[in-house]
Amino acid sequence: MESYALALSPSKPFIKSTKNPFRKISNRFSAVLCCNSKKSFEKSSHIRVLSLRPTWSFNKKYSASLFEARSTWFEFKVKSDAVPAGVGETGNDNDMVKNLQLGLMFAIWYLLNIYFNIYNKQVLKVFPFPATVTAFQFGCGTVLVLLMWTLNLHPKPKIDKSQFAAIFLLALGHTIGNFLTNISLGKVAVSFTHTIKAMEPLFTVLLSALFFGERPSLWVVSSLLPIVGGVALASFTEASFNWIGFGSAMASNLTNQSRNVFSKKIMVKEEALDNINLFSIITIISFLLLMPAAILMDGVKFSPAYLRYAASQGLNVKEFCVRSLLAGFCFHTYQQVSYMILQMVSPVTHAVGNCVKRVVVIVSSIIFFQTPVSRTNSLGTAIALAGVFLYSRAKRIKPKPKLS
């Protein structure tokens, strides 16, 4: 089925008379439809010419030269452009498929994050060696990356020495940030760690102002107030409060946001290195950096004696190994899915999704671990998360240019 867009254009201008010559005029009007196509109107995609031919007869006294042109033609051409059927419907279908795909990606991101925090907390409860646990998780990610490249599931990256130097700094911040986060998760409740990590925007603004002279707008500064106030309120009423857990979570905020802020100033050739390969290289470097450090700090802990110790704390050897592997798998895949989403949406949309993810993780961990939460603590957490959402919206407001 084809649809038609019709447009009428006169091929000759109309001539208006200054007098009224039509007192005793007998008009005859004939229309001729000329269609050069051999197909019928219903099946044709073009209508060639529609000619309207008025024939006027005048009395002899009006036979002036102006009206001697008895057979003046006024032609109208009707243009028909065939428009493929269903163009609008195809565009809407593509948008619908893309939105469904994006919604599925967000759901997978949240689900993997929930499972990671649950399994990771269970492992850290019975095996309190965060350096070893973090290194093992980076090792699981390294195995997945090598499998991805070996099976040609994603093209292998090509990097030069200048890029590697920049990526190494990002990997260093990534390593320290995740290590500090695991220290916090081992000392305090999962919900409290993620409440503290809601203060990441504050560190972003401070670091950008100190090192690059970027002045935040009034809207951004205003959105930071509920974040700081909410985290302070939640900390004062947190049942599992621990200074080591609190301090390591704050330090991970500083480390992660330093990585994010300085990464904007590091030039990486995007055509040679996409987000997935960038994260993959960072994962491998983090494993190589942390594994020796974990051995120096914790010693070799994956021994039968320590596995029996973990079993005495509530998990048998099989459960401990399975949960460790699942935590490592979820740790890598949820971050990789996050990078994939970042390729599909704007950074502001990703920040809003990250805020919602934090809410989902906090609520799910409270329900699963049955964490005691007071009303004041819940209020502080809610205020902090609302501030994060307002911050992500405030970043979209562009300041008005100053008139010179």
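Residues numbered from 1 in each chain as written. Predicted model: local features only at pLDDT ≥ 70, side-chain atom pairs only at ≥ 80, totals over all residues. Heavy atoms only, no water.

A. Structural view of the nonpolar core. Phe106, Trp109, Phe116, Tyr334, Val337 and Ile341 are the most contacted members of the largest nonpolar core, which totals 23 residues. Among the elements of the structure, α1 (87-126), α2 (130-150), α3 (161-187), α8 (275-298) and α10 (317-344) are those that each provide at least two residues to this core. With sequence-adjacent residues up to four places away left out, Phe116 is seen in contact with Gln137, Asn182, Ala327, Cys330, Phe331 and Tyr334. Counting residues in hydrophobic clusters, the runner-up holds 22 residues, among them Leu202, Ile227, Ile362 and Val388. (Core = buried A, V, L, I, M, F, W, Y, C linked by side-chain atoms within 4.5 Å. Buried < 20%, exposed > 50% of the residue type's maximum accessible area, 1.4 Å probe, protein only. Helix = DSSP H or I, 4+ residues; strand = E, 2+ residues; numbered from the N terminus. Contact = heavy atoms within 4.5 Å.)

B. How the structure looks around helix α5 (residues 200-212). Taking 1.5 Å per residue, 13 residues should reach 18 Å; α5 reaches 18 Å between its end C-alpha atoms and fits that length. Those residues of α5 that sit buried are Glu200, Pro201, Leu202, Phe203, Thr204, Val205, Leu207 and Ser208. Among the residues trailing α5, Gly213 stands out with phi positive, at a value near 65°. (Expected span 1.5 Å × (residues − 1).)

C. Highlighting the side chain of Asn120. Within the fold, Asn120 resides in helix α1. When its relative accessible area of 0% is taken as the criterion, Asn120 is described as buried. Within the local environment of Asn120, its side chain forms a polar contact with the side chain of Gln137, the two groups lying 2.7 Å apart. (Polar contact = N/O pair within 3.5 Å; in protein donor to acceptor, adjacent residues only side chain to side chain.)

D. Quick peek at the packing of α2 against α10. It is at 8 Å that the axes of α2 and α10 come closest, and there the two elements cross at 60°. In terms of their interaxial angle, α2 and α10 are classed as oblique. Where α2 crosses over α10, the two elements pack in a sense that is right-handed. Each of Phe136, Gln137, Phe138, Cys140, Gly141, Leu144, Val145 and Met148 in α2 lies in contact with α10, whose residues at this interface are Ser324, Leu325, Ala327, Gly328, Phe329, Phe331, His332, Thr333 and Gln336. (Axes fitted to C-alpha atoms, helices over the stretch in contact; angles between N-to-C directions. Parallel < 35°, antiparallel > 145°, perpendicular 65-115°, else oblique. Left-handed = near helix turned anticlockwise from the far one by under 90°.)

E. Spatial organisation of the packing of aromatic side chains. Within the structure shown, the criterion is met by 17 aromatic pairs. Consider the rings of Phe106 and Trp109, whose centres lie 5.8 Å apart with planes at 50°: the pair is tilted. Separated by 3 residues within a single helix, Phe106 and Trp109 lie in helix α1, roughly one turn from each other. One aromatic cluster is present, formed by Phe116, Phe138, Phe331 and Tyr334 through successive ring pairs. (Phe/Tyr/Trp six-rings, centres within 6.5 Å; stacked < 30°, edge-to-face > 60°.)

F. Representation of the pattern of salt bridges within the structure. One pass over the structure, following the stated rule, counts 2 salt bridges. Among the ionic pairs, Glu200 bridges to Arg358, the shortest N-O distance being 3.6 Å. Highlighted residues: Glu200 in helix α5 and Arg358 in helix α11 (residues 347-369), separated in sequence by 158 residues. Take Glu200: its relative accessible area is 15%, and that puts it in the buried class. (Salt bridge = Lys/Arg side-chain N within 4 Å of Asp/Glu carboxyl O.)

G. Here's a closer look at the UniProt feature "transmembrane region" (unreviewed entry) in the protein chain. UniProt's entry tags residues 100-119, 131-151, 163-181, 227-255, 276-297 and 378-394 with the feature "transmembrane region" (unreviewed entry), counted in the numbering of this structure. When the span residues 163-181 is considered, its composition is 100% helix and 0% strand, and the gap between its end C-alpha atoms is 27 Å. Within the segment residues 227-255, helix and strand shares are 79% and 0% respectively, and the terminal C-alpha atoms sit 18 Å apart. (UniProt positions renumbered as here; feature names shortened; annotations may be inferred.)

H. Summary view of α2. In a regular helix each residue adds 1.5 Å, so 21 residues correspond to 30 Å; α2 covers 30 Å between its end C-alpha atoms and thus fits that length. Within α2, 15 of the 21 residues are buried, which leaves it mostly tucked inside the rest of the structure.

I. Representation of unusual backbone geometry within the structure. For Asn152, which is not a glycine, the phi torsion comes out positive at approximately 60°. With respect to the helices and strands, Asn152 occurs in the loop between α2 and α3.

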